[in-house]
Amino acid sequence: ENQQKQEDILSVSHTGSGGLAAAKEAVGLGAKVAVLDYVSPSPIGTTWGLGGTCVNVGCIPKKLMHQAALLGEAIHEAATFGWQLDPKTVKIDWEALRTSVQNHVKSVNWVTRVELRTKKVEYFNALGHFKDAHTVVGTTKKGEEKVFTAKDILIAVGGRPRYPDIPGAVEYGITSDDIFSLERAPGKTLVVGAGYIGLECAGFLNGLGYDTTLMARSIVLRGFDRQMAEHVAEEMQQRGVNFIYEAKVKKIAKQEDGRLLVDWVDKDGQIHQDVYDTVLFAIGRRSLTQELKPENAGLKLIPETGKIDAVNEQSNVPNIYAVGDVLHKKPELTPVAIHAGKLLARRLYGNSTEKMDYTNVATTVFSPLEYGCVGLSEEAAVALHGQDEIEIFHAYYKPTEFFVPQKSPDRCYVKVVALRHGDERVLGMHFVGPNAGEVIQGFAAAIKCGLTIPKLKSTVGIHPTVAEEFTRIFITKRSGLDPKPQS
Ligand code: NA7
């Protein structure tokens, strides 16, 4: 079958957040839209349904497993509040957790499918590649080809986890593509990579009670505020995650008992061996752009990363656009892709001129003690404006709910990065503590509105919350005063 399909816009997208958002918006504006979607199985054979990384192997299952870990913690605290239970008998049933998580994911897959149908977006389960700038060939699982021509083409294929080039990595390692649907309990786990995903996975696995080691080749959370990143890592260490810094895995082999023998080298070149049940790689993600045969359309990629250097989501080919994780130097975050996709559709098929603003996007690392931030890190602000022009407000705080179970508040910390002179505009806000995402979201809106230090200080807090800590800041780093709580 070689059927020619003509569209206004074709989204090659794995039905990820960005592609879907653009497709639905474009249909609403009267465009004829088709979406190509295809998930290649992971090396161990994991595959999934509609909705892309966020829904299937990212934000959604991650948040649920994080929540499962938090609940485990809460059970232990509950006794101090008078709940009669025996914490010693409390343990996680991995199969039950996985089933619950996957049931939710499947329900979202279903809703996505129905939505595409009701919104009249044509959906094809086929892997796309360019024939020319207006033509894409989709190949189905059975090897059948369908040809699509479109006025505009949107690339929103996102990325997949990378594997290191070492013996045994692809054969025996897993990634975030596999962990949320893993058949067996992960057991003793080595997480390799200290980015967002590595920290989150190590955090919830440790919280669920699995012996967890995180191996970092350099620092944790590159690109984030250094002090906050260290807080997150120290807190995880305190909770029992074993950190190995400046180390690299050299080889993975399978023992006769099925467990994995890992050779790794430390910073002095010393070789070590350890046995794990699971090795999870979280060493970054690769864009799926090469598979698109971009050369056939004249589409240029950044050679080192395969990413697309778009201006207002438009690539070097005028009718080819891109949103989401395939974009060069843009945040790899679902809501960013959704927002950019919607605005692009409105510019293409509505009369809008509104462009995507990629600055001051808030985000949260769902580490056991969460880290939410928006705007500039301390380092970035100083690099941009100079030390003399930047004021850093900071404070440690004790969440009220930490007192009864006598939880350590050592790492609960807020930091506000602001201009020191003029209107004292707030450039960045950083929060380590419970519900960091909920806390930082509202302040992100305030920063969009031009929040200043006087305005923040004149905001009345809600007591007792953790978010109110931002309204109580008065100690600057420059003053040298102790930011620890006095009580
Ligand atoms: P990131 O944020 O790119 O982090 C990758 C991490 O893996 C980082 O700590 C890297 O260390 C480390 N890394 C990279 N290559 C290797 C090799 N070969 N060996 C060991 N460690 C390595 O990727 P994530 O997957 O965590 O997250 C990607 C996005 O998904 C993120 O933006 C979120 O939005 C969700 P480095 O700092 O380079 O020394």
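Before reading further, recall that the structure is shown in the block above.
Every value quoted in this text rests on a predicted model; they were computed, and no experiment measured them.

Caption draft 1: A look at the side chain of Asp 152. Along the chain, Asp 152 falls in strand β6 (residues 145-155). For Asp 152, a relative accessible area of 6% corresponds to the buried category. Sequence-distant contacts of Asp 152, that is, excluding residues within four places in its chain, are made with Asp 8, Ile 9, Leu 10, Asn 319, Tyr 321, Leu 348 and Tyr 349.

Caption draft 2: Highlighting the side chain of Glu 313. If you trace the backbone, Glu 313 turns up in the loop between β16 (285-287) and β17 (320-322). Only 2.8 Å separates the side chain of Glu 313 from the side chain of Arg 347, close enough to count as a polar contact. Residues contacting Glu 313, with those up to four places away along its chain left out, are Ile 320, Tyr 321, Ala 322, Val 323, Ala 340, Leu 344, Arg 347, Met 356 and Tyr 358.

Caption draft 3: A look at the packing of helix α3 (residues 59-78) against helix α7 (residues 196-207). Packing of α3 against α7 leaves a shortest axis separation of 8 Å and a crossing angle of 35 degrees. In the packing of α3 onto α7, the handedness of the crossing is left-handed. Listed contacts from α7 to Lys 62, Met 65, His 66 and Ala 69 of α3 are Glu 200, Phe 204 and Gly 207. Partitioned by chemical class, the residues of the contact of α3 with α7 number three nonpolar, two polar and two charged.

Caption draft 4: Region of interest: the site of the ligand. Residues in contact with the ligand amount to 14 residues; listed here are only the nearest, Ala 194, Arg 217, Ser 218, Arg 222 and Glu 332. The backbone of Gly 195 places a nitrogen or oxygen atom 3.3 Å from an oxygen atom of the ligand. Here an oxygen atom of the ligand and a backbone polar atom of Ala 282 are 3.5 Å apart. Protein chains bury 77% of the 790 Å² of accessible surface belonging to the ligand in isolation. Partitioned by chemical class, the residues of the shell around the ligand number six nonpolar, four polar and four charged.

The rules behind these values
- Residues numbered from 1 in each chain as written.
- Predicted model: local features only at pLDDT ≥ 70, side-chain atom pairs only at ≥ 80, totals over all residues.
- Heavy atoms only, no water.
- Helix = DSSP H or I, 4+ residues; strand = E, 2+ residues; numbered from the N terminus.
- Buried < 20%, exposed > 50% of the residue type's maximum accessible area, 1.4 Å probe, protein only.
- Contact = heavy atoms within 4.5 Å.
- Polar contact = N/O pair within 3.5 Å; in protein donor to acceptor, adjacent residues only side chain to side chain.
- Axes fitted to C-alpha atoms, helices over the stretch in contact; angles between N-to-C directions.
- Left-handed = near helix turned anticlockwise from the far one by under 90°.
- Nonpolar A, V, L, I, M, F, W, Y, C, P; charged D, E, K, R; others polar.
- Near = heavy atom within 4 Å.
- Areas by Shrake-Rupley, 256 points an atom, 1.4 Å probe, with all protein chains shown as cover.

These figures come from the coordinates and say nothing about function on their own.
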